[in-house]
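Structural description and commentary
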Amino acid sequence: MNMEKEQAQAYEKAFLIAGDAVGFAERLVKENARILDIADTIEKRVIELGGKPAWPVNISVNEIAAHATPSINDDNALEEGDMVKIDIGVHVNGYICDRAFTICIGKKSHPMIEASEKALENALKMFKHGTKVSEVSEVIENTVNDAGFKVIRNLTGHRLERHEQHAHPSIPNIKNSMQDEIESGNVYAVEVFVTDGSGFVVDSSPSRIFQYRKDSPVRLWEARKVLEMAVNDFEKLPFTQRWITGVSPLKMDMALRQLIEVGAIAEYPPLKEESNALVAVAEKSVIVK
Ligand code: MN
């Protein structure tokens, strides 16, 4: 199956902007940099280049593998030795490019980061029509194990769909017996998480990433306002408190809680390595021609 021209052009633009944003972000991640400044600056850059953030920039440090993003008045800064994972999503007209990389502050590299990048590189070589997903997974797990580390077994890569960041099939990082095949015309994100811990993530807190699920009546007008923005401004893709305008910070948490209770939005809590071990990630998106 071949892509429509308009779709192909949107993807091309999203991929270019994401590539630029990654290079730009790499220069921002350094000792004493405030995570709020890093996230704001990357998101602004994406918009200036003509894209939209497909989700809030994730800045996940050390044992947090993913789904952390700065709060509205976040004061946290990066420190020497921090294992910093930046995950950037860019969309153009709903067509998404998903990228992530890891930097260990004060070090040129780190064996864990090198293992994630090597596994990603090996996996990407296999993205041809007809390759079994299970073959890709096996290459990823073997590469990481050969480097002396473990993959995180409950985090996966995935296919990307218009306005849908995690479409079927997933691309597990562990060996499996999935029958799905890589298909031309599809877009996939390969996302390799590496650790020296137990290789499993659990929910942590506080959640700062949310996503529209369904329309539901809610009492607070602030909650209705957030839901309206979730649909109109964030196009049903993930968002965070930093992006919500016109709602008092005092009412923000109450509004979000009401929406979660009625199932109007879902929350994505930060994911923490179960044994509090360091985690590195390397992720790229690929269009299968
Ligand atoms: Mn991803």
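For the structure itself, look to the data block above.
Summarised in this report is the structure supplied together with it. Not measured: the values here are computed from a predicted model. (Residues numbered from 1 in each chain as written. Predicted model: local features only at pLDDT ≥ 70, side-chain atom pairs only at ≥ 80, totals over all residues. Heavy atoms only, no water.)

1. Considerations on the packing of aromatic side chains
As a reminder of what qualifies: Two rings belonging to Phe, Tyr or Trp (six-membered ring only in the last case) form a pair when the distance between their centres is within 6.5 Å. Interplanar angles under 30 degrees mark stacking, angles over 60 mark edge-to-face geometry, and anything in between is tilted. Secondary structure counts use DSSP, requiring at least four H or I residues in a row for a helix and at least two E residues in a row for a strand, with both numbered from the N terminus. The buried label goes to any residue with under 20% of its type's maximum accessible area, the exposed label to any with over 50%, and the partly exposed label to all in between, with areas taken from a 1.4 Å probe on protein chains only.
Applying the stated criterion across every chain, the model contains six aromatic pairs. Between Tyr 11 and Phe 15 the ring centres are 6.3 Å apart and the planes differ by 75°, which places this aromatic pair in the edge-to-face class. With Tyr 11 and Phe 15 both in helix H1 (residues 5-28), this residue pair falls four residues apart, about one helical turn. On the basis of relative accessibility, which here comes to 2%, the residue Tyr 11 falls in the buried class. Using a relative accessible area of 22% as the deciding quantity, one classes Phe 15 as partly exposed. A centroid spacing of 5.0 Å and a plane angle of 55° characterise the contact between Tyr 11 and Tyr 95, whose relative ring orientation is tilted. With Tyr 11 in helix H1 and Tyr 95 in strand S5 (residues 95-104), this residue pair connects regions lying 84 residues apart in the sequence. Each member of the pair, Tyr 11 together with Tyr 95, is buried. Grouping aromatic residues by their ring pairs yields a cluster made of Phe 210, Phe 234, Phe 239 and Trp 243.

2. Structural notes on the nonpolar core
Note the cut-off: The term nonpolar core refers to a set of buried residues drawn from Ala, Val, Leu, Ile, Met, Phe, Trp, Tyr and Cys, joined through side-chain atoms within 4.5 Å.
Ranked by internal contacts, the top residues of the largest apolar core, which has 35 residues, are Ile 42, Ile 59, Ile 86 and Ile 88. Contributing elements (two or more residues each) for this core: H1, helix H2 (35-48), strand S4 (83-92), S5 and strand S9 (187-195). Examining the composition of this core, we find that eight residues originate from one element, H1, more than from any other. Of all hydrophobic cores here, the second largest spans 27 residues; its members include Ala 119, Val 133, Val 136 and Ile 182.

3. Some details on the coordination of the manganese ion
Formally: Listed donor atoms are N, O and S within 2.8 Å of the metal (Na, K and Ca: 3.2 Å). As water is not included, a site may look incomplete.
The protein atoms donating to the manganese ion are Asp 98 (OD), His 158 (NE2), Glu 191 (OE) and Glu 283 (OE), with metal-donor distances spanning 2.0 to 2.5 Å. All donors of the manganese ion come from a single chain, and their spacing in sequence reads D-x59-H-x32-E-x91-E. On the criterion of sequence distance, the pair formed by Asp 98 in strand S5 and His 158 in strand S7 (residues 156-161) is long-range, its members being 60 residues apart. The burial state of Asp 98 is the same as that of His 158; both residues are buried.

4. Here we look at helix H4 (residues 133-146)
The cut-off we apply is this: In this analysis, the expected span of each helix is defined as 1.5 Å times one less than the number of residues it contains.
With 14 residues, H4 extends 20 Å from end C-alpha to end C-alpha; this agrees with the ideal 20 Å at 1.5 Å per step. Looking at the residues trailing H4, positive phi occurs at Gly 148, about 90°.

5. Regarding the pattern of salt bridges
Selection criterion: One side-chain nitrogen of Lys or Arg within 4 Å of one carboxyl oxygen of Asp or Glu is enough to make a salt bridge.
Counted by the stated rule, this structure contains nine salt bridges. The salt bridge partner of Arg 159 is Glu 161, with a shortest N-O separation of 3.3 Å. The class of Arg 159 is buried, set by a relative accessible area of 15%. Accessibility expressed as a relative area gives 32% for Glu 161, which makes it partly exposed. Salt bridges sharing partners connect three or more residues here, namely Arg 34, Asp 37 and Asp 75.

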